[in-house]
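Descriptive structure summary
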Amino acid sequence: MNVKFVDRDYLILKEIDRWRVITGKHICYMCGFSGQRACDRRLNKLISVGIISRKKYIYGFPGIYSLTYSGKKLINAPDRTEQIRIEQITHDIAVLDTAIYFNKKFGIAFSDMITEKQLHKNDGFGVRRHRPDFVFTKNNNLFCVEVELNMKSKDRFSRNIISNFTDYYIQIWVVPDKHSNIAGFLSVMKKDYPNIKIIELDEVKNYDIK
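On a predicted model such as this, the values are computed, not experimentally measured, just so you know. (Residues numbered from 1 in each chain as written. Predicted model: local features only at pLDDT ≥ 70, side-chain atom pairs only at ≥ 80, totals over all residues. Heavy atoms only, no water.)

Re the sheet that holds strand S7 (residues 196–200)
Condition: Strands were regarded as paired on the criterion that DSSP finds at least two bridges between them. Per the convention used, a helix needs a DSSP run of H or I reaching at least four residues, while a strand needs a run of E reaching at least two, with both numbered from the N terminus. Two residues qualify as a contact provided that any one of their heavy atoms is within 4.5 Å of a heavy atom in the partner residue. A fitted line through C-alpha atoms represents every axis, and for helices the fit uses only the stretch in contact; the resulting angles, taken between N-to-C directions, go from 0 to 180 degrees.
Pairing within the open sheet is mixed, and its 5 strands lie in the order S3-S4-S5-S6-S7. The open sheet is flanked by strand S3 (114–115) and S7, the only strands paired with a single partner. Two elements, strand S6 (residues 170–175) and S7, share 5 bridges in a ladder whose sense is parallel. Within the sheet, the bridge partner assigned to Trp173 lies in S7 and is Ile198. Relative to the sheet, helix H7 (residues 154–167) contacts strand S5 (141–147), S6 and S7, its axis offset from that of S6 by approximately 145°.

Listed below in structure tokens is the structure:
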């Protein structure tokens, strides 16, 4: 099957490449399709010509899209094997939902969001430091967004907060709910690092795409 590539196809490839995982529902919204059926038809065509692939990792969970070697060549993406971490898929999907929340509620364009994956790429090979899930600029100020669904060690958590305090105007943390240990720890840290803002996951889900 021959496919004539259009601008939106390249947008699809770029969105697949820059997020750690992505589903058809997220591609549909982020790439401006009129509906899920139209999006799925286009994705299936791209699969049929070997540009993208779709794989299910968790029973009952939507398939995850990835670029093939040919797809990576089309957008000059690095040709390296990327492992999907099954235990992190729920977090990575919440990051996508949060990006859509910021787009729908605050009008932050997806093109103005820089993902963790892109930030690490910009750091260069061999450099490994903490990076937020995504960042964006608003009113000439740099914001970072972190989705934290499971409590990590307090030392590591503190280091990330301090790093974000130094690097960003506001650090926004999406947490399971205001009663979680994560929210409690952030509230304590906020006394010394006042640029912390906390958002509950339910607030993000109120803006979920259907």
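Right, picking up where we left off after that structure.
Looking at the packing of aromatic side chains
For clarity, the cut-off: Each Phe, Tyr or Trp ring, with Trp reduced to its six-membered ring, pairs with another whose centre is within 6.5 Å; inter-plane angles below 30 degrees give stacked pairs, above 60 give edge-to-face pairs, and intermediate values give tilted ones. Each residue's exposure class comes from its accessible area (1.4 Å probe, protein chains only) as a fraction of the maximum for that residue type: buried when under 20%, exposed when over 50%, partly exposed otherwise. Two thresholds decide whether a charge sits over a ring: the Lys NZ or Arg CZ must be within 6 Å of the ring centre and within 35 degrees of the ring normal.
Evaluated as defined, the whole model comprises 14 aromatic pairs. Ring centres of Tyr101 and Phe106 lie 5.9 Å apart, and the angle between their planes is 85°; on these two criteria the pair is classed as edge-to-face. When the centroid spacing of 5.4 Å and the interplanar angle of 50° are considered together, the rings of Phe102 and Phe136 count as tilted. Of this pair, Phe102 sits in helix H5 (residues 89–106) while Phe136 sits in strand S4 (residues 134–138), placing them 34 residues apart in sequence. Each member of the pair Phe102 and Phe136 is classed as buried. Three or more aromatic residues link up through ring pairs in this structure, and these residues are Trp19, Tyr101, Phe102, Phe106, Phe134, Phe136, Phe143, Tyr169 and Tyr207. For the cation-ring pair, Arg8 lies above Phe33, with the distance from its terminal atom to the ring centre recorded as 3.8 Å.

Topic: the nonpolar core
Applied cut-off: For our purposes a nonpolar core is just a set of buried Ala, Val, Leu, Ile, Met, Phe, Trp, Tyr and Cys residues, chained together by side-chain atoms within 4.5 Å.
In terms of nonpolar packing, the biggest core is built from 45 residues, with Trp19, Ile27, Ile52, Phe102 and Phe134 touching the most fellow members. Top contributing element to this core by residue count: H5, with 9 residues. With residues up to four places along the chain from it excluded, the contact list for Trp19 reads Met30, Val95, Leu96, Ala99, Met113, Thr115, Lys117 and Phe134. Listed in part, the 11 residues of the second largest apolar core include Phe157, Ile182, Ala183 and Met189.

This is a description of form; function is not addressed.
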